[in-house]
Amino acid sequence: IDPSMDLFHEIERLKKEKNAIVLAHYYQEPDIQDVADYIGDSLGLAQQAEKTTADIIVFAGVHFMAETAKILNPEKKVLLPDLKAGCSLADSAPAELFRRFREQHPGHIVISYINCSADIKALSDIICTSSNAEKIIESVPADQPIIFAPDRNLGAYLNKKTGRNMVLWNGACMVHEIFSLEKITKLKIRHPEAKLIAHPECEDPVLRVADFIGSTTQLLKYTQQDNAKEFIVATETGILHQMQKGNPFKTFIPAPPDNSCACNDCPHMKLNTLEKLYLCMEFETPEITMDETLRTAAKRPIERMLEISK
Ligand code: 13P
Ligand code: SF4
């Protein structure tokens, strides 16, 4: 790419020329968020993907998100700037092992967090996200046994919240398990007025001391509605861009990771760059493709989720 090229301008041009829409997750780098037509959490992104009239969906997020958009839009072209943008949580549930796990629990229905592969979705009864999980669980009769996959932290949090005893798959997100309770506690002592806000993919000890727990969209809303001037944010750092934009006079401190060499960036989300976004729009590759039998099987539990979330 010519370094003098105005990528913002070029991406806007390509959007118009190709009737393309750019959907971005809050964990994307700030430039990508600024050029996106819609920025949201996993539920918002799935809902936008379901209703768009664009011919091309450019998904600035990770593979399972783009895959969900393709499942809902088989006739549209779905592009992902970097096909290697995966997800440690989705990877923690290989389909064959999960199929056996499900067989070991007959009579259970399967609720899967959207952060999973199309193969896992096809083995599930209903999909949920962190913003609608309680509602989805409540839609299932109280005496119906449930398997929840793949996130054990979100699953344990939901068991506590709903009083259910869901069987949990033992998966986790590498970014949300990185936080140090000890360092967070020290930070809270130094910032006594700060509110600790956390994503439910965090481990229980962090969630116990949080003032508010929610999906990325819910965390963002909380920072707009709450009167606190300082927030300690226990999730991926990309969300700080919108928090800061919406609240220029408030301070946002990323929750400290356990190991000082580590950071709270998701290495998968951050594989996408503005350059790759431009290139994928220009050349219409890499594209998400999927076997039709798998697609229809994976679509059913997503549609159930979208129906319940209306
Ligand atoms: P939400 O934006 O739906 O809260 O999901 C967070 C996440 O980890 C996405 O990978
Ligand atoms: Fe997956 Fe965690 Fe990255 Fe989200 S933040 S894409 S759950 S690895």
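It should be noted that the structure appears before, not after, this text.
Residues numbered from 1 in each chain as written. Chains lettered and ligands numbered in written order. Predicted model: local features only at pLDDT ≥ 70, side-chain atom pairs only at ≥ 80, totals over all residues.

Draft legend 1. Local environment of the overall build of the protein chain. When helices and strands are counted, the protein chain shows 15 helices and 12 strands. Over its C-alpha atoms the protein chain spans a radius of gyration of 19 Å, differing by no more than 12% from the 19 Å that the globule rule assigns to 310 residues. With the C-alpha coordinates aligned to their principal axes, the bounding extent of the protein chain is approximately 50 × 50 × 35 Å. Per-residue burial over the protein chain gives 44% buried out of 310 residues. (Helix = DSSP H or I, 4+ residues; strand = E, 2+ residues; numbered from the N terminus. Rg over C-alpha atoms; globule rule 2.2 N^0.38 Å. Buried ≥ 20, exposed ≤ 12 C-beta atoms within 10 Å, placed from the backbone.)

Draft legend 2. Representation of the site of ligand 2. Near ligand 2 you find 13 residues, and of these Cys87, Leu89, Cys173, Val175 and Cys266 are the closest. For the shell around ligand 2, the residue count by class is nine nonpolar, three polar and one charged. Each of domain 1 (7-86 + 269-289) and domain 2 (89-173 + 298-308) accounts for three or more of the residues forming the shell around ligand 2. (Near = placed C-beta within 6 Å. Nonpolar A, V, L, I, M, F, W, Y, C, P; charged D, E, K, R; others polar. Domains from an automatic or database assignment.)

Draft legend 3. Summary view of the site of ligand 1. In the vicinity of ligand 1, the contacting residues are Asp41, Ser42, Asn115, Thr129, Ser130, Cys173, His199, Glu201, Ser215 and Thr216. Classifying every residue of the shell around ligand 1 gives one nonpolar, seven polar and two charged. Taken domain by domain, the makeup of the shell around ligand 1 includes at least three residues from each of domain 2 (89-173 + 298-308) and domain 3 (181-254).

Draft legend 4. Spotlight on the environment of Lys84. Mapped onto the elements of the fold, Lys84 is located in the loop between strand S4 (77-79) and helix H5 (88-91). Sequence separation of Lys84 and His268 is 184 residues, and the distance between their C-alpha atoms is 7.4 Å.

Draft legend 5. Representation of the sheet that holds strand S11 (residues 230-234) in the model. In spatial order, the strands read S10-S9-S11-S12; together these four strands make up an open sheet with parallel pairing. On the outer flanks of this sheet lie strand S10 (212-213) and strand S12 (251-254), each paired with one strand and no other. Bridging between strand S9 (residues 195-198) and S11 involves four bridges; their strand directions are parallel. Residue pairing for S11: Ala198 is matched across the bridge by Ala234. (Pairing = 2+ DSSP bridges.)

Draft legend 6. Quick look at the packing of helix H4 (residues 63-72) against helix H15 (residues 292-308). Axis separation between H4 and H15 bottoms out at 9 Å; the angle between their running directions is 100 degrees. Compared by their axis directions, H4 and H15 come out roughly perpendicular. Residue-level inspection shows Thr68, Ile71 and Leu72 of H4 in contact with H15, the latter providing Arg295, Ala298, Lys299 and Ile302. Here the contact of H4 with H15 is composed, by residue class, of four nonpolar, one polar and two charged. (Axes fitted to C-alpha atoms, helices over the stretch in contact; angles between N-to-C directions. Parallel < 35°, antiparallel > 145°, perpendicular 65-115°, else oblique. Contact = placed C-beta atoms within 7 Å.)

Draft legend 7. Quick look at unusual backbone geometry. Of note, the amide linkage connecting Ala149 to Pro150 takes the cis form, showing an omega dihedral of -10 degrees. Structurally, Pro150 is set in the loop between strand S7 (146-149) and helix H9 (152-162). The amide bond that connects Thr285 to the next residue, Pro286, takes the cis arrangement and shows omega of 0 degrees. Checked against the element boundaries, Pro286 lands in the loop between helix H14 (274-283) and H15. Although it is not a glycine, Asn19 sits at a positive phi angle of roughly 50 degrees. On the basis of neighbour count, Asn19 is assigned to the exposed category, with 11 C-beta atoms found within 10 Å. Phi at Glu284 is positive, roughly 55 degrees, even though this residue is not glycine.

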